[in-house]
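Secondary and tertiary structure notes
For reference, the chains in residue letters:
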Amino acid sequence: MSTRRKKIYEGKGKILFEGPEPGTLIQYFKDDTTAFNNEKKAVLEGKGVINNRISEYFMIRLNTIGIQNHFIRRLNLREQLIRELEIIPLQVVVRNAAAGSLSNRFGLPEGQALPRSIIEFYLKDEKLSNPMVTEEHITAFNWANTQEIDDMMALSLRINDFLSGAFGAVGINLIDFKLEFGRLWENDFSRVILADEISPDSCRLWDSQTLEKMDKDRFRRDLGDVIESYTEVARRLGIMKEMPTVIQGGLH
Ligand code: UDP
């Protein structure tokens with residue numbers, strides 16, 4: 001890893017470095033994995049490489065159906081060149097079936113289909129454990145305006161349709177997922193653009209036949225075979241045929 005670049009931000013799973021041109025950044029995918037607000041931590045060798053590729057795959061495909069995102073191009077195994085955005089401090093969760101915090105809050109069995117897809121907003125603030133927020137909070141505290149909320153919801157539903165189809169075609173049920181958005185400024189106007197990543201770290205993915213979990217819940221719930229499951233997701237999507245060598249080689 002190059003250390004000459006300026007580090008802009010380091011999160012739990014990724015690092016952002018200064019990009020080669022103004023308005024660009026380099027997004028580096030780490031192997032570090034955390035859950036339960038940092039209480040549980042591990043290094044899962046090869047995870048960053050897999051998530052870099054899976055996220056690249058979806059960002060490119062979303063772009064081809066007109067959903068703009070921050071991805072410019074992949075640079076190497078662990079890095080991608082991205083557009084610098086003004087990040088909107090919200091996590092947008094889309095749910096197709098009950099799981100995780102929704103199941104806990106409403107006492108719904110995991111896997112129960114929802115009457116319709118549900119969108120939720122959470123504030124990106126780890127010190128506060130990312131509390132759920134309503135549109136009232138979002139507009140009152142100026143985290144986003146009503147137009148931006150509408151845009152994020154419409155984009156999230158389109159992304160849900162696309163991802164549900166893409167995963168469904170390879171025998172995977174998309175239970176829920178998390179998105180993040182940012183603003184791309186052009187003169188005095190800004191557009192809402194998809195940012196962050198789409199990977200088994202940010203989605204719940206169940207095998208359609210066996211209902212086996214193929215996502216970060218394997219880590220959260222100590223189910224084992226985390227990397228194997230992420231690799232299987234990539235394999236089914238038809239990407240990273242060279243991946244087993246990469247993991248065994250322990251490339252960094
Ligand atoms: N999620 C995420 N980052 C977070 C919180 C949630 O990527 O900080 C994803 C999670 O992987 C799942 C979806 O958002 O696919 C919904 O998560 P939930 O609210 O059920 O919370 P959890 O049970 O993960 O705490």
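Residues numbered from 1 in each chain as written. Predicted model: local features only at pLDDT ≥ 70, side-chain atom pairs only at ≥ 80, totals over all residues. Heavy atoms only, no water.

Take the nonpolar core next. Ranked by internal contacts, the top residues of the largest apolar core, which has 49 residues, are Phe58, Leu90, Met152, Ile159 and Phe181. Elements with a contribution of two residues or more to this core: α1 (47–64), β9 (90–97), β10 (113–123), α4 (146–168), β12 (172–179), β14 (189–194), β15 (203–207) and α6 (226–237). The element that contributes the greatest number of residues to this core is α4, accounting for 8 residues. Not counting residues up to four positions away in its chain, the partners in contact with Phe181 are Ile87, Ile88, Val92, Met152, Leu155, Ser156, Ile159, Val192, Ile193, Leu194 and Ala195. (Core = buried A, V, L, I, M, F, W, Y, C linked by side-chain atoms within 4.5 Å. Buried < 20%, exposed > 50% of the residue type's maximum accessible area, 1.4 Å probe, protein only. Helix = DSSP H or I, 4+ residues; strand = E, 2+ residues; numbered from the N terminus. Contact = heavy atoms within 4.5 Å.)

As a further point, take the pairing of strand β6 (residues 71–74). Examined bridge by bridge, β6 and strand β7 (residues 79–83) share 3 bridges and lie antiparallel to one another. Bridged to Phe71 within β7 is Ile82. Hairpin connection, β6 to β7: the antiparallel pair is bridged by 4 residues. (Pairing = 2+ DSSP bridges.)

Its location among the elements puts Lys40 in strand β5 (residues 40–43). Owing to a relative accessible area of 18%, Lys40 belongs among the buried residues under this scheme. Those residues in contact with Lys40, other than ones at most four positions away along the chain, are Thr33, Thr34, Ala35, Phe219, Arg220, Arg221 and Asp222.

Looking now at the pairing of β7. Burial analysis of β7 places 4 of its 5 residues in the buried class, which makes it a mostly covered element. Across 5 bridges, strand β3 (residues 24–29) lies against β7 in antiparallel orientation. In the sheet register, Gln27 faces β7, and the bridge partner there is Gln80.

Moving on: the confidence of the model for the protein. A residue-level look at the protein finds 94% of positions with pLDDT of 70 or above and a mean pLDDT of 95. Scored below 50 in pLDDT, residues 248–252 shows 7 contacts in the model against residues more than four places distant or in partner chains. (pLDDT = per-residue confidence, 0-100.)

Take the site of the ligand next. Inspection of the region around the ligand gives 16 residues, with Arg95, Ser101, Asp176, Arg204 and Arg220 positioned closest. With respect to the ligand, the side chain of Ser101 contributes an N or O atom lying 2.6 Å from an oxygen atom. One of the side-chain nitrogen or oxygen atoms of Arg220 is found 2.9 Å away from an oxygen atom of the ligand. Protein burial of the ligand: of its 500 Å² of free accessible surface, 77% is covered by the chains. Looking at the shell around the ligand, the elements with two or more residues in it are β9, α2 (100–106), β12 and β15. Class assignment for the residues of the shell around the ligand results in 5 nonpolar, 5 polar and 6 charged. (Near = heavy atom within 4 Å. Polar contact = N/O pair within 3.5 Å; in protein donor to acceptor, adjacent residues only side chain to side chain. Areas by Shrake-Rupley, 256 points an atom, 1.4 Å probe, with all protein chains shown as cover. Nonpolar A, V, L, I, M, F, W, Y, C, P; charged D, E, K, R; others polar.)

A separate point is the pattern of salt bridges. Counted by the stated rule, this structure contains 30 salt bridges. Residues Lys14 and Asp196 are paired through a salt bridge, measuring 2.9 Å at the closest nitrogen-oxygen approach. With Lys14 in strand β2 (residues 14–18) and Asp196 in the loop between β14 and β15, this pair connects stretches of sequence that are 182 residues apart. Residue Lys14 shares its accessibility class with Asp196, and that shared class is buried. Salt-bridge contacts for Lys178 lead to Asp196; the nearest nitrogen and oxygen are separated by 3.0 Å. You can see Lys178 sitting in strand β12 and its partner Asp196 sitting in the loop between β14 and β15, a full 18 residues away along the chain. (Salt bridge = Lys/Arg side-chain N within 4 Å of Asp/Glu carboxyl O.)

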